[in-house]
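Overview (structure and organization)
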Amino acid sequence: MQDTLKLQKVIVPEMVELLEKRYNILRTIHYNEPIGRRVLASNLGLGERIVRTEINFLKTQNLIQITTPGMYVTKEGENILEMLKEFIHEIKGLSYVESSLKELLNLKDVIIVPGSLDEEIDVYKELGKAAANYIKSILKDDYVLALTGGSTIREVVDHFPKIQNLHDILIVPARGGMGKNVETQANTLAGELAKKVNGSYKMLHIPANAVAEVVETLSKQKDVKEIINYINNADILLYGIGDAEKMAFKRGVSDELINDLLDLGAIGEALGFYFDKNAKVVSVMPNLGIDINKIKNVKNQVAVAGGRYKAEAIMSAVSNNENVVLVLDEGAAKEIIKKFQQNN
């Protein structure tokens, strides 16, 4: 198959470009349906004339349906979309990039979704779907799954399929926190995921910027200690990765402390831990949750992130962690490869 794809890219490169364009159009309609032509053109950054031509083609192939509210992808279109996903993955050589990143970062595995989050916001949904499918493939009876909050993990939960054949699954938040956006808090996501896997969940409430003394006091409570024990002995750990400075600002950290973090060389953030370029933890946010010394005990870690600007943050947060399966977009993946090439 690889040889055939190489020939197609050399002899008829325009066919590959057209295929990718139609895939992106079909995917964007699917994730935003019902959607109008003008909004579709705007989302894709394409001219309305081009979009009109492609829409007419997709309609004649019975891949989309056009209604008054907007366009929908048909059942046949959904099937084609799934088949195209694998084809696009191969035609872009992403399997090779995955194996290269796995070796360069020394990880358990790498999963790349086509497209770049910097240009296509719907890639967020693809990241969520890819991570959800992977977790589903390793989830077993009696497993404990700990997860963080955030918009990226929200996508994973939203795209998680309903499971009825597993028993006694427990979902817990990997870190405490009660922020402004309740819908992306770990406690909220734990409850929603538990419903999808026919399991149970526990919550861990603590103010987002609690001082160390408060954290210490709460950690001694019997019910809190029980949840912390579940977290530190989780079978699966699901988390997002952020830029250190941006995450500190989002958490309401003072300018003085942010400057201290930067002076320490903090680049990436995950689970409330701040990492430097050597993947060393340089600072820890006071909070209830997983112990930095216990993370190595979690054999199934799934880190999800996207966007070229997060390349260095991703490298700092997961490098040399052989328990991590990294799920990222094509843009971030190629930027990481580029960083390695520049450094060498």
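Residues numbered from 1 in each chain as written. Predicted model: local features only at pLDDT ≥ 70, side-chain atom pairs only at ≥ 80, totals over all residues. Heavy atoms only, no water.

Contact geometry for helix α6 (residues 94-105) and helix α15 (residues 330-343): axes closest at 10 Å, N-to-C directions at 50°. As summarised for this structure, α6 and α15 are arranged oblique, according to the angle between their axes. The two elements α6 and α15 cross, and the hand of that crossing is left-handed. Of the residues in α15, those in contact with L94, V97, S100, L101, L104 and L105 of α6 are E330, A333, K334, I336, I337 and F340. Considered class by class, the residues forming the contact of α6 with α15 number 9 nonpolar, 1 polar and 2 charged. (Axes fitted to C-alpha atoms, helices over the stretch in contact; angles between N-to-C directions. Helix = DSSP H or I, 4+ residues; strand = E, 2+ residues; numbered from the N terminus. Parallel < 35°, antiparallel > 145°, perpendicular 65-115°, else oblique. Left-handed = near helix turned anticlockwise from the far one by under 90°. Contact = heavy atoms within 4.5 Å. Nonpolar A, V, L, I, M, F, W, Y, C, P; charged D, E, K, R; others polar.)

For the rest of this paragraph, the subject is the packing of aromatic side chains. Taken as a whole and assessed by the stated rule, the structure comprises 0 aromatic pairs. Geometry around F57 places R22 over its ring, the cationic atom sitting 3.7 Å from the centre. One cation-aromatic arrangement involves R175 over F273; the distance from NZ or CZ to the ring centre is 5.4 Å. (Phe/Tyr/Trp six-rings, centres within 6.5 Å; stacked < 30°, edge-to-face > 60°. Lys NZ or Arg CZ within 6 Å of the ring centre and 35° of its normal.)

Right, let's get into the sheet that holds strand β4 (residues 144-147). Taken in spatial order, the 7 strands of this open sheet run β3-β13-β12-β7-β4-β5-β6, and their pairing is parallel. Edge positions in the open sheet fall to β3 (109-113) and β6 (200-201), since each of these has one partner strand only. Judged from the 5 bridges that link them, strand β7 (residues 236-240) and strand β12 (residues 300-305) form a sheet pairing that is parallel. Among the inter-strand pairings, L238 is bridged to a residue of β12, identified as V302. Those strands touched by helix α11 (residues 222-232) are β4 and β5 (170-173), and its axis lies near 105° from that of β5. (Pairing = 2+ DSSP bridges.)

Burial analysis of β7 places 4 of its 5 residues in the buried class, which makes it a mostly covered element. One ladder, built from 3 bridges, connects β4 with β7; its direction is parallel. By the bridge assignment for β7, L147 is matched with L238. (Buried < 20%, exposed > 50% of the residue type's maximum accessible area, 1.4 Å probe, protein only.)

Before going further, it helps to spend a moment on the side chain of K310. Assignment of secondary structure puts K310 in the loop between β12 and α14 (311-318). Although buried, K310 forms no salt bridge, and the nearest oppositely charged side chain, E269, lies 8.2 Å from it. Ignoring any residue separated from it by four or fewer positions in sequence, one finds K310 in contact with I241, G242 and A305. (Lys, Arg positive; Asp, Glu negative; His and termini not counted. Salt bridge = Lys/Arg side-chain N within 4 Å of Asp/Glu carboxyl O.)

One pass over the structure, following the stated rule, counts 19 salt bridges. Residue K92 is joined to E20 by a salt bridge in which the shortest nitrogen-to-oxygen separation is 2.7 Å. You can see K92 sitting in the loop between α5 (75-91) and α6 and its partner E20 sitting in helix α2 (residues 13-32), a full 72 residues away along the chain. Where K129 meets E82, a salt bridge forms, and the shortest distance between an N and an O atom there is 2.9 Å. Of this pair, K129 sits in helix α7 (residues 123-138) while E82 is found in helix α5, placing the two residues 47 residues apart along the sequence. A cluster of three or more residues bridged by salt bridges with shared partners is formed by E20, K92, E330 and K334.

The UniProt entry lists residues 19-88 under the feature "domain: CggR N-terminal DNA binding" (unreviewed entry), expressed in the numbering used here. Here residues 19-88 is 70% helix and 9% strand, with 8 Å between the C-alpha atoms at its ends. (UniProt positions renumbered as here; feature names shortened; annotations may be inferred.)

Below, the discussion takes up the nonpolar core. Counting residues in hydrophobic clusters, the biggest one holds 47 residues, and the most contacted among them are L101, Y239, I241, I314, V318, L326 and L328. The element best represented in this core is α14, accounting for 6 residues. Those residues in contact with Y239 that lie beyond four places of it in its chain are T148, I153, A270, L271, Q301, V302, A303, V304, V318 and V324. (Core = buried A, V, L, I, M, F, W, Y, C linked by side-chain atoms within 4.5 Å.)

Tracing the sequence through the fold places A174 in the loop between β5 and α9 (186-196). Judged by relative accessible area, A174 falls into the buried class, the value being 0%. Considered as a pair, A174 and T148 are 26 residues apart in the sequence and their alpha carbons are 5.2 Å apart. Not counting residues within four places of it along the chain, the set of residues in contact with A174 comprises A146, L147, T148, I231, L237, L271, L288, G289 and I290.

With that out of the way, let us pick up the sheet that holds strand β11 (residues 281-284). Within the open sheet, the 4 strands sit side by side as β8-β9-β10-β11. Their pairing is antiparallel. With partners counted over all chains shown, the strands left at the sheet margins are β8 (242-243) and β11, one partner each. Here strand β9 (residues 268-270) runs beside strand β10 (residues 273-275); their pairing, made up of 3 bridges, is antiparallel. Each bridged residue has a counterpart across the sheet, and for G268 the counterpart in β10 is F275.

Before going further, it helps to examine unusual backbone geometry. That bond from E33 to P34 is cis: its omega, -5°, falls within 30 degrees of zero. With respect to the element layout, P34 can be found in the loop between α2 and α3 (37-44). Phi is positive for N62, close to 60°, though the residue is something other than glycine. Mapped onto the elements, N62 comes out in the loop between α4 (48-60) and β1 (64-66). On the basis of relative accessibility, which here comes to 43%, the residue N62 falls in the partly exposed class. For L271, which is not glycine, the phi dihedral falls at a positive 60°. If you trace the backbone, L271 turns up in the loop between β9 and β10. Accessibility expressed as a relative area gives 5% for L271, which makes it buried.

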